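Structure at a glance
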Amino acid sequence: MKVLQLIDSLEAGGAERVAVNYANGLLHFVEVSYLCATRAEGLLKGDVNKDVGYLFLNKKKTIDIQAIKRLHQFIENEDIDIIHAHGSSFFLATIIKLLQPKLKLVWHDHYGKSEFLKQRPKQMLKLCSRFFNHIFSVNSKLETWAKTTLKVKSVSYLPNYAVKNNNALTTKLKGVEGKRIVCLANLRPQKDHLNLLKAFKAVVITEPTWTLHLVGQDFKDAYSKSIFDFININKLESSVFVYGSCSDTSAILQQCAIGVLSSKSEGLPLALLEYGLAGLPVICTNVGDCNLVISDVNEGQLIPSENTLALQKAMLHFMSDLEQSKTFGNHLKNKVELSFSEGSTLKKIGLLYQTITN
């Protein structure tokens with residue numbers, strides 16, 4: 001069996017990390033594993049295993065005839081059996097399926113705004129879904145949505161898993177060791193960094209030696225500007241640091257004392273699992289399937305979204321007893337290693353691939 005993971009870019013986002021993790025991990029489960037980035041490369045290209053067959057299309061527009069021809073020819077030449085399309089790459093995958101009807105098409109739904117599914121554009125997805133052989137959904141809400149909205153019978157929930165990257169430390173965090181809070185999230189509105197900044201502004205009044213570190217892609221847009229404006233207006237430049245995309249995230253987390261996610265909406269965030277693997281005590285908003293990861297009071301603090309006071313109190317609680325906080329981190333680490341492991345997830349994917357190709 002030969003399988004191609006299809007993803008728009010290799011920037012450091014959740015869906016992109018999943019695609020790279022699958023391409024690498026499936027080397028041990030399929031005959032040949034491939035990865036195709038359609039529009040852009042990025043930091044994660046360096047994480048792609050050398051044994052993975054790699055293609056970059058450099059697609060310039062939605063319907064790019066040259067890119068379609070290249071991908072069609074590549075799949076034909078390599079005799080690929082399955083396209084596993086992630087996120088919005090479903091459209092290109094559907095075109096290829098129309099050109100090669102025997103090809104099997106799996107779509108992986110990573111939609112990050114699962115709290116706002118009524119506003120989700122669906123007409124093109126609904127049309128293309130007639131050609132999907134299976135849908136993987138990253139949380140239970142997306143699974144239900146796919147079953148009730150799209151034109152495909154075979155749908156299943158598949159939680160994300162995280163793997164430690166082995167990239168050497170290149171990002172030295174500022175601030176005092178043992179007093180750093182990290183938020184690993186691209187600068188997108190649904191991640192609600194502004195609520196985190198408001199809460200942290202109140203925290204530093206009583207805990208001035210603590211610092212907050214924002215790690216994630218900066219899209220240089222209005223939302224990004226609002227974050228930097230808040231930091232400057234509130235004179236937080238010596239307490240809050242923004243780093244952009246970083247390839248050494250596992251090493252970065254080892255420099256931190258607390259991990260936080262303040263999202264308004266999520267699927268099942270890889271950052272939460274990465275915090276768990278790093279053994280960090282975690283504060284996370286109760287959105288998407290985060291409550292499946294933090295399902296016990298000993299595994300972390302699950303708080304309401306868009307609640308500045310709850311976030312402030314959660315940070316102060318962990319700061320007040322760092323030794324006890326570390327036990328939360330250890331419990332979460334055990335949970336992630338047991339329930340969100342690479343091996344069990346890849347076995348499920350492999351079985352599904354066999355089912356649709358037989």
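What counts and what doesn't
- Residues numbered from 1 in each chain as written.
- Predicted model: local features only at pLDDT ≥ 70, side-chain atom pairs only at ≥ 80, totals over all residues.
- Heavy atoms only, no water.
- Core = buried A, V, L, I, M, F, W, Y, C linked by side-chain atoms within 4.5 Å.
- Buried < 20%, exposed > 50% of the residue type's maximum accessible area, 1.4 Å probe, protein only.
- Contact = heavy atoms within 4.5 Å.
- Pairing = 2+ DSSP bridges.
- Helix = DSSP H or I, 4+ residues; strand = E, 2+ residues; numbered from the N terminus.
- Axes fitted to C-alpha atoms, helices over the stretch in contact; angles between N-to-C directions.
- Expected span 1.5 Å × (residues − 1).
- Arc of directions from axis to C-beta.

Some words on the nonpolar core
Of all hydrophobic cores here, the largest spans 76 residues; its most connected members are Ile181, Ile283, Met315 and Tyr353. Leaving out residues up to four positions away in the same chain, Ile181 has contacts with Phe200, Trp210, Thr211, Leu212, His213, Ile258, Val260, Met315 and Met319. Counting 36 residues, the second largest nonpolar core, distinct from the first, contains Ala67, Ile80, Ala85 and Leu150.

Considering the sheet that holds strand S5 (residues 104-109)
Overall, parallel pairing links the seven strands, which are arranged S3-S2-S1-S4-S5-S6-S7 in an open sheet. Every interior strand has two partners, whereas the edge strands, strand S3 (53-56) and strand S7 (155-157), have only one. The average undirected angle you get between the axes of adjacent strands in this sheet is 20°. Pairing of strand S4 (residues 82-86) with S5 involves five bridges; the strand directions are parallel. What sits directly across from Ile82, in S5, is Lys104. Packed onto the sheet, helix H5 (residues 140-149) meets S5, strand S6 (134-137) and S7 and runs at close to 170° relative to S7.

A look at the sheet that holds strand S13 (residues 301-303)
Taken together, six strands build an open sheet; the order of strands is S10-S9-S8-S11-S12-S13 and the sheet is parallel. The sheet terminates laterally at strand S10 (240-244) and S13, the two strands that pair on one side only. Looking at each pair of strands side by side, their axes are set apart by 20° on average, direction ignored. Of the pairings in the sheet, the one linking strand S12 (residues 282-285) to S13 comprises three bridges and is parallel in character. By the bridge assignment for S13, Ile283 is matched with Gln301. Running over the sheet, helix H11 (residues 308-320) touches strand S8 (180-184), strand S11 (258-261), S12 and S13 and is turned about 170° from S13.

A few points about the environment of Phe131
Summarising the element assignment, Phe131 is placed in the loop between helix H4 (123-128) and S6. Relative accessible area serves as the criterion here: at 30%, Phe131 is assigned to the partly exposed category. Taking the C-alpha atoms as reference points, Phe131 and Pro101, separated by 30 residues in sequence, lie 9.0 Å from one another.

Some points on helix H7 (residues 222-233)
Taking 1.5 Å of rise per residue, 12 residues should cover 16 Å, and H7 covers 16 Å from first to last C-alpha, within 8% of that figure. All of the buried residues along H7 are Tyr223, Ser224, Ile227, Phe230 and Ile231. Angularly, the buried residues of H7 cover 125° about the axis, an arc narrow enough to put them on a single face. More than 90 degrees from the buried face of H7, the exposed residues found are Ala222, Lys225 and Ile233. Structurally, H7 contributes buried residues whose contacts are with helix H6 (193-206), strand S9 (211-215) and S10.

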